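Residues per chain are reported as follows:
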Amino acid sequence: MRLSRYFLPLLRDDPKEAEIASHRLMLRAGLIRQASAGIYSWLPLGFRVLRKIEDIVREEQDRAGALELLMPTIQPAELWQESGRYEVYGKEMLRISDRHERAMLYGPTNEELITAIFRDAVKSYKDLPRILYHIQWKFRDEIRPRFGVMRGREFLMKDSYSFDLTVEDARKSYNRMFVSYLRTFARMGLKSVPMVAETGVIGGNLSHEFIILADTGESEVYCHRDLIQLEPPGADIDYQGDLAPVIEAFTGKYAATSEKHDAESFAREVPAKDRVTARGIEVGHIFFFGTKYSEAMGCKVQGPGGDLVTVQMGSYGIGVSRLVGAIIEASHDDAGIIWPQSVAPFDVGLINVKAGDAATDAACESLYGKLETAGLSVLYDDRDDRAGAKFAAMDLIGLPWQIIVGPKGVASGEIELKERATGARHSLTVESALNRLLQSSREASKEAA
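Residues numbered from 1 in each chain as written. Predicted model: local features only at pLDDT ≥ 70, side-chain atom pairs only at ≥ 80, totals over all residues. Heavy atoms only, no water.

This part is about the packing of helix 2 (residues 44-63) against helix 10 (residues 320-330). Between helix 2 and helix 10, the least distance of the axes is 9 Å, while the angle of their chain directions is 110°. Judged by the inter-axis angle, helix 2 sits roughly perpendicular to helix 10. In the crossing of helix 2 with helix 10, the sense of the turn from one axis to the other is right-handed. Contacts from Val49, Leu50, Ile53 and Glu54 in helix 2 reach Val320, Ser321, Leu323, Val324 and Ile327 in helix 10. Considering only residue class, the contact of helix 2 with helix 10 consists of seven nonpolar, one polar and one charged. (Axes fitted to C-alpha atoms, helices over the stretch in contact; angles between N-to-C directions. Helix = DSSP H or I, 4+ residues; strand = E, 2+ residues; numbered from the N terminus. Parallel < 35°, antiparallel > 145°, perpendicular 65-115°, else oblique. Left-handed = near helix turned anticlockwise from the far one by under 90°. Contact = heavy atoms within 4.5 Å. Nonpolar A, V, L, I, M, F, W, Y, C, P; charged D, E, K, R; others polar.)

Structure below.
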């Protein structure tokens with residue numbers, strides 16, 4: 001993609017309304033623009049990142065055996081009245097009426113709707129277990145939206161729902177999603193720590209938040225230092241096997257959000273040198289709530305003995321749009337964003353230091369074609385602008401690699417390859433630079449396999 005033809009409205013100065021790094025950088029780098037309080041338009045660069053994250057989430061859900069569907073954003077209020085949650089949910093739910101005065105709502109979550117779908121379609125235990133998921137926009141009318149996409153009112157979310165015959169089977173589904181989440185966040189370059197959490201309006205008595213430690217996090221968290229060092233399960237994880245050892249490794253030590261924190265237990269169970277007290281960003285939340293919705297809404301199946309059995313359920317959410325902000329909070333510097341390769345909007349930025357110079361233009365055009373032929377996505381800064389402005393723009397948007405082409409390098413048969421994360425620069429031949437980029441791409445693909 002040529003930058004001269006792209007829509008990338010960069011801001012030179014920090015927006016006054018931005019309180020944290022991710023909000024500031026998403027506005028400055030042209031990822032989003034505010035439409036209303038807590039509601040954003042996703043511009044081309046930000047939308048590419050959003051889709052990259054969505055693809056990883058989808059791949060890991062599919063790998064864990066979940067099946068994708070798509071539910072509507074607008075739901076009938078009668079389903080929430082049936083579950084008893086319509087009045088309980090509070091003012092965060094946007095309640096509306098259609099032209100026939102039927103009570104409707106803009107869905108903040110989908111427990112009721114998916115329960116109704118399953119109830120009407122599945123009648124026998126032979127069709128269990130099942131995990132269904134979708135990736136859909138949600139709306140929660142936050143009283144004070146802030147921090148950009150980190151605490152917005154409209155947001156893109158992956159929510160999945162498990163249906164099982166017994167509590168034991170339901171815990172297996174819970175464990176499957178638990179492990180899937182560890183892999184999902186690791187693929188995005190994030191270190192997530194699962195912590196015991198409150199169930200809130202979702203309900204149930206078993207819940208974990210997946211937390212990214214960050215100074216700007218909205219939650220105070222407490223955990224054993226060893227949990228931060230644990231490596232997530234690899235691509236060879238057997239979701240049909242016994243996941244208990246993985247779950248034990250990540251839940252066997254103290255880890256809790258502020259709502260579930262017990263100071264006495266923390267002091268008793270964790271040596272002072274191993275105590276971590278920090279702030280964290282929630283990027284995922286999983287719940288096991290048993291028959292909370294299935295009992296209220298009559299979701300039963302015929303069991304092996306012919307009797308009707310109320311289905312055991314769980315739900316599992318990932319904030320897809322929130323993850324864009326969380327990744328930036330975890331990976332940026334004074335110059336701008338530093339995207340992990342797996343979610344970067346483009347693999348490489350190509351900078352023409354002297355647009356209009358015949359030899360430099362020709363070298364850039366040739367290299368641009370070779371990069372795209374090799375399967376790498378390229379943002380080519382072909383604008384007639386100062387070199388310094390081009391360098392600053394590329395650092396701001398944070399692509400993993402930059403290729404810098406100028407008259408001197410062209411004359412000597414070399415280009416400059418810069419790694420954004422480290423700032424390291426290497427003078428290489430075109431072929432050597434291509435090989436380096438392709439190797440990096442292969443390594444990233446291998447991690448995702």
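Continuing now.
This part is about the packing of helix 5 (residues 167-187) against helix 7 (residues 244-251). Orientation of helix 5 relative to helix 7, taken along the N-to-C sense of each, is 65°, at an axis distance of 10 Å. Handedness of the crossing formed by helix 5 with helix 7: left-handed. Along the contact surface, helix 5 presents Asn175, Phe178, Val179 and Leu182, while helix 7 presents Val246, Ile247, Phe250 and Thr251. Here the contact of helix 5 with helix 7 is built from residues that sort into six nonpolar, two polar and no charged.

Let us now look at helix 5. Between the first and last C-alpha of helix 5 there are 30 Å, a value that for 21 residues agrees with the 30 Å anticipated at 1.5 Å per step. The buried fraction of helix 5 amounts to 15 of the 21 residues, a majority that puts the element mostly inside the structure. Positioned one or two residues after helix 5, Gly189 has a phi angle of 80°, which is positive. (Expected span 1.5 Å × (residues − 1). Buried < 20%, exposed > 50% of the residue type's maximum accessible area, 1.4 Å probe, protein only.)

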